[in-house]
Amino acid sequence: AASADASAVAPSSASLFPARLSAPAARARRAAFSNTLVGRVAMMLASSVDPFDDLGLLFFNASHGFIGGAGGASWFLSAIDQDRWLRTAGEGGDDGNMYSELVRVIFEDGSPHPQHWPSFVHHMAGTKPRVFTTSDPCMRICGAQQFGTCFSCQQECGGLPAG
């Protein structure tokens, strides 16, 4: 398990915690998927999530939190350092948990992280990011699950007249 110096992650003011936040994480252009088969499957699954449901976050202190994910998924977060968090989900692994690391690749101002951005570019190895370009649930399902064209999905979802 990772441990973190809470003072290195956030201000030490105890009056900030517990902190409840929400984020419109499923709306258009909020998440990227790789243009691989795995990314396509992930996008198909994500198209079923209501894009207007906000992602709930609860931080117990500066180094530990909980994310109530879309579709009933949930994760615990533990700070590793200022740029990395350990995400734990109870879905597998030797101890019954599944772990992944969330890494900051860009700063709040949009500038690239000098260490993690080059690693991210190398990791992507030529694949391109795909995003939902709309928050319209019908258009997302039509395009991702039914492999519809923009035109056919606009017709199906009421954006264009039939015929």
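Above this note sits the structure.
Computed from a prediction, not measured in an experiment: that's the story for all the values here.

What follows covers the nonpolar core. Core analysis: the largest hydrophobic core is formed by nine residues, namely Ala 19, Leu 57, Phe 59, Ile 67, Trp 75, Leu 77, Ala 79, Trp 85 and Ala 89. Only strand E3 (55-59), strand E5 (74-81) and strand E6 (84-89) provide two or more residues apiece to this core. For this core, the leading source of residues is E5, giving three residues. With near-sequence residues (within four places) excluded, Leu 77 lies in contact with Phe 59, Ser 63, His 64, Gly 65, Ile 67, Trp 85, Leu 86, Arg 87 and Leu 102.

The next subject is the state of the cysteines. Following the criterion strictly, the structure yields two disulfides and no others. Disulfide pairing places Cys 138 opposite Cys 157 at an S-S distance of 2.0 Å. One disulfide, between Cys 138 and Cys 157, carries an S-S torsion of -85° and so falls in the left-handed class. Separated by 19 residues along the polypeptide, Cys 138 in helix H4 (residues 137-145) and Cys 157 in the segment after helix H5 (150-156) bring together distant segments of the chain. Owing to a relative accessible area of 23%, Cys 157 belongs among the partly exposed residues under this scheme. With its sulfur 2.1 Å from that of its partner, Cys 142 forms a disulfide with Cys 153. Measuring the twist about the S-S bond at about -90°, one finds the Cys 142-Cys 153 disulfide to be left-handed. Here Cys 142, found in helix H4, pairs with Cys 153, found in helix H5; they are 11 residues apart in sequence, far enough to count as distant. The two residues Cys 142 and Cys 153 agree in class, both being buried. In the protein chain, the bonded cysteines, taken in the order they occur along the sequence, pair up as 1-4, 2-3.

Looking now at the packing of helix H2 (residues 37-46) against H4. Where H2 contacts H4, the axes come no closer than 9 Å and their chain directions differ by 150°. Taken together, the axes of H2 and H4 are roughly antiparallel relative to one another. The two elements H2 and H4 cross, and the hand of that crossing is left-handed. Residues Arg 40, Met 43, Met 44 and Ala 46 of H2 form the contact with H4, whose participating residues are Arg 140, Gly 143, Ala 144 and Gln 145. Classifying every residue of the contact of H2 with H4 by side-chain character gives four nonpolar, two polar and two charged.

The rules we used
- Residue positions are given per chain, counted from 1 along the sequence in the order it is written.
- Where local features are concerned, this predicted model is filtered to residues with pLDDT of at least 70; where side-chain atom pairs are given and counted, the filter is 80 or more; whole-chain, interface and lining totals use all residues.
- The side-chain numbers reported here are obtained from all heavy atoms of the structure, hydrogens and water having been left aside.
- In this text, buried Ala, Val, Leu, Ile, Met, Phe, Trp, Tyr and Cys residues form a nonpolar core when linked through side-chain atoms within 4.5 Å.
- The buried label goes to any residue with under 20% of its type's maximum accessible area, the exposed label to any with over 50%, and the partly exposed label to all in between, with areas taken from a 1.4 Å probe on protein chains only.
- Only runs of H or I of at least four residues qualify as helices and only runs of E of at least two qualify as strands under DSSP, and these elements are numbered from the N terminus.
- Residue contacts are defined here by distance: any two heavy atoms, one from each residue, within 4.5 Å place the two residues in contact.
- Disulfides are defined as cysteine sulfur pairs within 2.5 Å.
- Every angle, taken between N-to-C directions, lies between 0 and 180 degrees, and every axis is a line fitted to C-alpha atoms, over only the stretch in contact when it is a helix.
- For classification, angles of less than 35 degrees are called roughly parallel, those exceeding 145 degrees roughly antiparallel, those between 65 and 115 degrees roughly perpendicular, and all remaining angles oblique.
- Crossing handedness follows the turn of the near helix against the far one: under a right angle anticlockwise gives a left-handed crossing, and clockwise gives a right-handed one.
- Put simply, Ala, Val, Leu, Ile, Met, Phe, Trp, Tyr, Cys and Pro go in the nonpolar bin, Asp, Glu, Lys and Arg in the charged bin, and everything else, Gly too, in the polar bin.

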